[in-house]
Amino acid sequence: MSVHTSSGTESDTEVVVIGGGSTGCGIARDLAMRGVEVTLVEKGNLTHGTTGRMHGLLHSGARYAVSDQESARECITETRVLEDIASHCVEETGGLFVQLEEDDDAYYEEKLQGCRDCDIPAEELTAEQAREVEPYLTNEAQRAIRVPDGAIDPFRLCVANAADTERHGGRIETHAPVTDLLVEDGEVVGVEIQHESGPGKRVHGKEGETEEIRAEYVVNATGAWAGRIGEMAGLDIEVRPSKGVMVVMNVRQVDTVINRCKPKGDADIVVPHETTCILGTTDEEVSDPEEYPEEQWEVDLMIDELSKLVPLLEDARTIRSYWGVRPLYEPPDTGTTDPTDISRQFFLLDHADRDGVAGMTSIVGGKLTTYRLMAEEISNHVCEQLGVEGECTTAEEPLPGSEDFSVLRDYMEEFGLRSPIGKRSVQRLGSKAEEVLKTGERNPVVCTCEAVTSAELRDAISHAGTDLNATRIRTRASMGNCQGGFCCHRMAAELSPAYDERVVRDSLDELYQERFKGQRHALWGEQLSQAMLNHALHATTMNRDRDPARKEEPGIEYGAFDAGPSPGVSGDGSTRATADGGVRSDGGTPDSGAGRSGKSAKKREGEHGDQ
Amino acid sequence: MAISDDVLVIGGGLAGVSSALAAAQEGVRVRLISHKKSTLRNASGLIDLLGYADGELVADPFEAIPVLPEGHPYERVGIEAIRGGFSLFDEAVGASYLGAHTDRNALVPTYGGTVKPTARYPVSTAAGLASDSRSTLLVGFEGLSAFDAPLAAEHLQAADVPFDVHGVSIAFPKRFRSDATAMRFARALDRDEPAENGESHTRDVLVETVKAHLDGAERVGFPALLGEDTPEEVRGSLESALGVDVFEVPMGPPSLPGLRLEDRLYEALDEAGVRVTTGNPVAEFDTENGRITTVYTDRGGQRVPFEASEVVLATGGLVGKGIGSNRKGVYEPVFDCYVSHPEERSEWSREGAFDDHPFARFGVSVDRDMQPLDAEESAEYGNLRAAGSVLGGYDLANEKSGSGVSIATGYAAGRAAGEHA
Ligand SMILES: Cc1cc2nc3c(=O)[nH]c(=O)nc-3n(C[C@H](O)[C@H](O)[C@H](O)COP(=O)(O)OP(=O)(O)OC[C@H]3O[C@@H](n4cnc5c(N)ncnc54)[C@H](O)[C@@H]3O)c2cc1C
Ligand SMILES: Cc1cc2nc3c(=O)[nH]c(=O)nc-3n(C[C@H](O)[C@H](O)[C@H](O)COP(=O)(O)OP(=O)(O)OC[C@H]3O[C@@H](n4cnc5c(N)ncnc54)[C@H](O)[C@@H]3O)c2cc1C
């Protein structure tokens, strides 16, 4: 329920969840499914924080099997759950822990034993067997352990959780930062949010307006930002943000997650994702989760180290790099100095018990793989506070879109999609494919690198509005080799005619800028050549850098430019005789000979049809 | 035994072709070696000379050129060579290009819905010039998402063009695969394939559909896909049937006007007696007394030698692979000519997508005789010249000067090579 007042709006709900990452979306879904009235508020779009900037490894737990067996057990259990309820977000690639010559034998044995202790299926492979699984694996590999690691798409996962929250009556409010906590008599009773300007779908509020949302309970699921929310109520929450880099390759050099079998270290995993591979990562404490240096050496390190495992990476083409910050938490007085030693477990901080401020709990730490479990535990806690009896059903109820894969194969033929495109669109959409693809209209491929069709984009736009970055996240359009050079403008055109030309242009500028920003750290080799090509396409041919429609550009005096040669009138300062015979300003039939030399042009069958 | 010529041009883009034609005019034996198709496949087919100087729109490039900074390719070659290069181009392409009647730039609407300044334009785009005040209909096709005609029309209105314009999106008379390119549409028009209904042909159905939307428009623009092999015939037949002028709106890759220009230029090379060897890259070379004596192409591991007394390097820029880069630096891969660039990779680009990017200016620098210079500013080799986008010191995108620089520097380098040979 909401009421308009002069200063803004007020509304109330039972629970406010702050943060639209995997944790917040998971909590919102869990509570909504238990019948609790829930509102999720997120300052950017969904996945704006760490969730949109992580490695995408669905942990079997093997990674933690030596150092942190409790986390390892949670991982294998949750991986099994997600393979079930979120099959459209997960690719069961399997994973290898590869021992190189210089790596310690004892650690290998501990890893194997650790997996067995934690019930993580672990199979030993000889070097030859490992190379049968992954032909590009180095000849230096000694042996490997095969485990059920996988790849998970965090974007789809969050969107599916948010969609299900809405289906169960919840409210999802993006582009709405919490600007203050409402505290009355030492108790948190709600939040104040600001409805932001900028593109995106805003259903509930107007740009620039504030809204007070009063709630019986508030959950702080802002990850690395949790301390900032805490400060709004005078609470001290010791998150220790730690950054990590990821480098995206142009092709999928491996089909299995490849881990280096050695104790913690930088640059030790390659995760295959859709058509790419992602190399990662580093672990370095930073003081501010938003402002931290993104350094070239980190990118170089990924390639140098990981090409020891997969030599092909040395000369492969990178597409872009990005960084994320882990929301690590350390209980007061632990005093760990190296962030890699901080536990990967998660913590519920009930501020009533801890700080004497009732009405709010923060959840910090953890990892994406265990997001559902984290959500379950905090939802149990919240329901206890509210006296709600509902049972958690999130481990059994599939997420929307994941239900039925087999029927989807039929759609491919029905929609006349060629197999890779059909298969991939259909997988991306899960069981929503029919609704989305069956529009009865022509359905051209808009993003050729990622094979995203116009129908998929329009569906994403119906949720994301003019925020093309949100549409990109849902569909992967503009995220392939060309980094949007060939398709940003086509994506923007999908906004028309629902939005007017000015809005389309602004959204395009914003998307193109964001795509460029992401590539800057990977600008060398093929990717630099691509950047120059994109620059030429958008600035030279399209003149988007000096678009005369932009208000900042001075108006054009059209009369000062060439309007075409008219026969008989001599040009001003012409350099040679007028080319004649080619212009038909009288509307008559053309001169037959213009431009034809009599010889017929060469055939180009096949050669130029690839874009 | 090595194949021997007077002038060897490496690279088969606009710069290489211009060099070869200019050298041939000197009456010497010229060979052009090119690895792959040129950048023209990607380019709009428009021939820019100089569209912006210091961020200001330029109406007459010849007024703005004299104030370009030292080291800019136009400053290196001078006005006379620019004019010479353009005359050579005009002759080579004949009536298929227009714009030579004036020094002024033309403003051509392109597929993003803006207009852009250019010096020469394919005859197929001529009826669309933005300084022409005739009312205009833009037609786009539903399956071809790169050109959204209604949106482009609105965009042109926002740019205050001096004519009425509206856009319509129609179904192409024939259905294609969902990822079909402009090529496929062009072929259907070339061959006038049977339309989807099976009763009539593509062109007729297209004309009937467009007629219903004409509403008094005096000219009609289509995306640049009006025929691959017989564009004049396709456009001519549409014009007579519609009773108005028809023009093409230049598009992105694969660009038909760019490819048509490439065909035309190769015919000109043939007519000028230039020998052309394509398909393999130049990979190695020999020198003697600071001069290049032989270059070798790599034909699947086999070395094929070519001897010449003068060599022109026209291998393109970052796009054409005449300039390469890796994590450590930027280089010129054939002769390892010096390429100046910031040491820190983070300084190769700026934050904003359309900022003034150092990478856009990467390339070799030359003296006024077009000889590449080393880090100490002396000529790398006694008989090497460079031309086109392998040169540094200009931002073709920002300035709208890409083809013009390739033509003018190609002409200057080719002529000098021919004179010395
Ligand atoms: C480099 C790296 C690699 C990783 N790799 C993996 C991996 O392979 N597998 C795995 O399982 N885990 C991985 N993780 C961990 C995992 O990504 C995180 O644990 C998880 O995404 C955290 O989700 P979250 O929802 O808690 O936090 P976030 O995703 O950060 O969500 C918090 C949200 O709160 C929002 N917010 C902040 N302030 C406000 C405010 N004032 N008002 C409203 N909203 C606000 C933020 O915008 C953000 O969207 C990785 C992490 C990093 C950094
Ligand atoms: C997307 C795009 C849009 C553009 N739009 C416009 C426009 O609207 N107007 C305009 O005026 N300009 C435009 N340009 C710029 C213009 O097309 C180029 O500047 C110009 O074509 C470059 O010509 P070039 O001959 O210097 O190089 P290229 O055309 O790149 O030719 C280089 C040639 O060298 C060959 N080569 C490279 N290495 C070797 C080797 N080792 N051995 C043998 N051969 C080799 C290549 O295969 C190629 O054939 C655009 C460019 C792009 C990329």
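Given the structure is predicted, the values throughout are model-derived calculations rather than measurements. All chains use their own residue numbering, which begins from 1 and follows the written sequence. Think of it this way: whatever chain is written first is A, whatever ligand is written first is 1, and the rest follow in order. The predicted nature of this model means local features are confined to residues of pLDDT at least 70 and side-chain atom pairs, given and counted, to a pLDDT of 80 or more, with totals for whole chains, interfaces and linings taken over all residues. Side-chain descriptors were evaluated using all non-hydrogen atoms of the structure, hydrogens and water having been removed beforehand.

Enquirer: So, the site of ligand 1: which residues are in play, and what are the values?
Expert: Residues and elements named next belong to chain A. Neighbouring residues of ligand 1: 35 residues in total, closest Thr23, Glu42, Thr51, Leu57 and Thr369. Pairs of N or O atoms within 3.5 Å make up the polar contacts considered here, provided that, within protein, one atom can donate a hydrogen while the other can accept it, and that residues adjacent in sequence are counted only when both atoms are side-chain atoms. Between ligand 1 and the protein, one listed contact pairs a nitrogen atom with a backbone N or O atom of Lys43 at 3.2 Å. Between ligand 1 and His59, the relevant distance is 3.5 Å, taken from a nitrogen atom to a side-chain nitrogen or oxygen of the residue. In isolation ligand 1 offers 1,000 Å² of accessible surface; the protein chains occlude 95% of this area. Runs of E in the DSSP output that reach at least two residues are strands. Runs of H or I that reach at least four are helices, and both are numbered from the N terminus. Among the elements that make up the shell around ligand 1, the one with the highest residue count is strand E19 (residues 318–329) (three residues). The near set for a molecule or strand comprises every residue that places at least one heavy atom within 4 Å of it. Note that accessible areas follow from Shrake-Rupley with a 1.4 Å probe, and for residues the cover is restricted to the protein chains shown.

Enquirer: An account of the confidence of the model for chain B is requested, with residue identities and associated values reported.
Expert: Per-residue confidence from the predictor is given as pLDDT, running between 0 and 100. Looking at chain B as a whole, the pLDDT averages 95, with 99% of positions reaching at least 70. Taken over the whole predicted complex, pTM reads 0.73, whereas the ipTM for its chain interfaces reads 0.96.

Enquirer: Describe helix H9 (residues 256–271) of chain B, naming the residues involved and giving the relevant values.
Expert: All names here are of chain B. Here H9 is 16 residues long and its end C-alpha atoms lie 23 Å apart, about the 22 Å a rise of 1.5 Å per residue gives. The N-capping residue of H9, defined by a side-chain oxygen 3.2 Å from the backbone nitrogen of Gly258, is Ser255. Gly273 sits one or two residues past H9 and shows a positive phi near 80 degrees. What a helix is expected to span follows from its residue count: subtract one and scale by 1.5 Å.

Enquirer: Explain a negative patch on the surface to me, using residue names and the numbers behind them.
Expert: Patch rule: a residue counts if its relative accessible area is over 30% and it has no salt bridge; like charges are joined within 9 Å, and nonpolar side chains (Val, Leu, Ile, Met, Phe, Trp, Tyr) within 5 Å. By definition here, a salt bridge exists when the distance from a side-chain nitrogen of Lys or Arg to a carboxyl oxygen of Asp or Glu is within 4 Å. His is not counted, nor are the chain ends, whereas Lys and Arg count as positive and Asp and Glu as negative. In plain terms, the charge of a residue is placed at NZ if it is Lys, CZ if Arg, CG if Asp and CD if Glu. Negative charge collects at one region of the surface, where Glu10(A), Asp12(A), Glu37(A) and Glu216(A) lie side by side. Inspection of the secondary structure puts Asp12(A) in strand E2 (residues 8–18).

Enquirer: Report on the sheet that holds strand E12 (residues 245–249) of chain B, specifying residues and quantitative values.
Expert: Residues and elements named next belong to chain B. If DSSP finds at least two bridges between two strands, the strands pair. The strand order across the open sheet formed by four strands is E10-E9-E11-E12, and the pairing between neighbours is parallel. Each having just a single partner strand, strand E10 (165–170) and E12 make up the two edges of the open sheet. Each strand axis lies, on average, 25 degrees off the axis of its neighbour in the sheet, ignoring direction. Across three bridges, strand E9 (residues 136–141) lies against strand E11 (residues 219–223) in parallel orientation. Along E11, the bridge assignment pairs Leu138 with Gly221. Docked against the sheet, helix H8 (residues 231–242) engages E11 and E12, running at close to 135 degrees with respect to E12. Under this scheme, a helix contributes an axis fitted over its contacting stretch, all axes are lines through C-alpha atoms, and angles between N-to-C directions fall in the 0 to 180 degree range. When checking whether two residues touch, look at their non-hydrogen atoms; a contact exists if any pair is within 4.5 Å.

Enquirer: Explain the pairing of strand E1 (residues 3–10) of chain B to me, using residue names and the numbers behind them.
Expert: All names here are of chain B. Pairing of E1 with strand E16 (residues 302–313) involves seven bridges; the strand directions are parallel. When the bridges of E16 are listed, Val7 appears paired with Glu310. Sheet analysis places E1 next to strand E2 (residues 30–34), joined by four bridges and oriented parallel. The residue of E2 that forms the bridge with Val9 is Leu32. At this point the chain moves from E1, through helix H1 (residues 14–25), to the parallel E2, and the crossover so formed is right-handed. A crossover counts as right-handed when, viewed with the strands pointing away from the observer, the path leading from the first strand over the helix to the second turns clockwise.

Enquirer: Tell me about the domain arrangement of chain B, residues and numbers included.
Expert: Residue and element names in this part refer to chain B. In terms of domains, chain B is made up of domain 1 (3–98 + 259–420) and domain 2 (111–249). Between domain 1 and domain 2, the contact holds 18 residues from the first and 16 residues from the second. When two components associate, each loses some accessible surface as probed by a 1.4 Å sphere; the sum of these losses over both components is called the buried area. Carbon and sulfur atoms supply 59% of the area buried between domain 1 and domain 2, which totals about 1,400 Å² over both sides. Applying the counting rule to domain 1 against domain 2 returns three salt bridges. Asp90 is paired through a salt bridge with Arg120; the nearest N and O atoms lie 2.8 Å apart. Note that the domain bounds reflect an automated or database-derived domain assignment.

Enquirer: Would you mind going over unusual backbone geometry in detail, with residue names and values included?
Expert: Thr281(A) follows Gly280(A) through a cis peptide bond whose omega is -10 degrees. Here Thr281(A) shows up in the loop between strand E17 (276–280) and strand E18 (284–285). Here Pro253(B) and Pro254(B) are connected by a cis peptide whose omega angle stands at -10 degrees. With respect to the secondary-structure elements, Pro254(B) resides in the loop between E12 and H9. Here the phi dihedral of Asp185(A) falls at roughly 50 degrees; this positive angle occurs in a residue that is not glycine. On the secondary structure map, Asp185(A) appears in the loop between strand E11 (178–184) and strand E12 (187–194). Partly exposed residues are those whose accessible area sits between 20% and 50% of the maximum for their type, while under 20% is buried and over 50% is exposed, using a 1.4 Å probe and protein chains only. The exposure class assigned to Asp185(A) is exposed, which follows from its relative accessible area of 82%.

Enquirer: Before we move on, could you go through helix H3 (residues 105–117) of chain A and cite the residues and values that matter?
Expert: All names here are of chain A. Its 13 residues give H3 an end-to-end C-alpha distance of 19 Å, which sits within 8% of 18 Å, the value for a rise of 1.5 Å per residue. Inspection of H3 places Tyr107, Tyr108, Lys111, Leu112, Gly114 and Cys115 among the buried residues, and these make up the whole buried set. Along the axis of H3, the buried residues cluster in a sector spanning 160 degrees; they form a single face. In the core, the buried residues of H3 are packed alongside helix H2 (69–85), strand E6 (95–100), strand E7 (123–126) and strand E8 (141–147). N-capping of H3 is provided by Asp104, with a side-chain oxygen placed 3.3 Å from the backbone N of Ala106. Directions pointing from the helix axis toward each C-beta atom define the arc.

Enquirer: Requested: an account of the pattern of salt bridges, with residues and values cited.
Expert: What the rule picks out here adds up to 68 salt bridges over all chains. A salt bridge links Arg458(A) to Glu494(A), with the shortest nitrogen-to-oxygen separation between them at 3.3 Å. Taken together, the residues span a long stretch of sequence, with Arg458(A) in helix H13 (residues 454–464) and Glu494(A) in the loop between helix H15 (488–493) and helix H16 (501–519) at a distance of 36 residues. For Glu494(A), a relative accessible area of 13% puts it in the buried group. Between Lys174(B) and Glu193(B) there is a salt bridge, with the nearest N and O atoms lying 3.5 Å from each other. Residue Lys174(B) is found in the loop between E10 and helix H6 (182–191), and its partner Glu193(B) is found in the loop between H6 and helix H7 (202–214); the two are separated by 19 residues along the sequence.

Enquirer: Requested: an account of the site of ligand 2, with residues and values cited.
Expert: Neighbouring ligand 2 are 37 residues; Thr39(B), Ser44(B), Val282(B), Ser389(B) and Ser403(B) lie closest to it. The environment of ligand 2 is shared, with nearby residues belonging to chains A and B. The separation between an oxygen atom of ligand 2 and a polar side-chain atom of Ser34(B) is 3.0 Å. Coverage of ligand 2 by the protein amounts to 96% of the 1,000 Å² it exposes when considered alone. With five residues, the top contributor of residues to the shell around ligand 2 is helix H17 (residues 525–541) of chain A.

Enquirer: Account for the packing of aromatic side chains, with residues named and values stated.
Expert: Geometry of aromatic contacts follows a simple scheme: Phe, Tyr and Trp rings, the Trp one being its six-membered ring, pair when their centres are within 6.5 Å, and the pair is stacked under 30 degrees between planes, edge-to-face over 60, tilted otherwise. In total, this model carries eleven aromatic pairs over all chains according to the counting rule given. Ring geometry for Phe141(B) and Phe185(B): centres 6.1 Å apart, planes at 20 degrees, overall stacked. One end of the pair, Phe141(B), is in strand E9; the other, Phe185(B), is in helix H6, with 44 residues separating them in the sequence. Taken as a pair, Phe141(B) and Phe185(B) share a single burial class, namely buried. Taken together, Phe141(B), Phe172(B), Phe185(B) and Phe222(B) form an aromatic cluster joined through their ring pairs. Whether a charge sits over a ring comes down to the Lys NZ or Arg CZ being within 6 Å of the ring centre and within 35 degrees of the ring normal. Above the ring of Tyr64(A), the side-chain terminus of Lys367(A) is found at 5.1 Å from the ring centroid. Directly above the aromatic system of Tyr512(A) lies the positively charged group of Arg544(A), at a separation of 4.9 Å from the ring centroid.

Enquirer: Quick one: what's the story with the environment of Glu37(A), residue by residue and with numbers?
Expert: All names here are of chain A. The topology assignment puts Glu37 in the loop between helix H1 (22–33) and strand E3 (38–41). With a relative accessible area of 37%, Glu37 lands in the partly exposed category. Taking the C-alpha atoms as reference points, Glu37 and Gly169, separated by 132 residues in sequence, lie 7.1 Å from one another.

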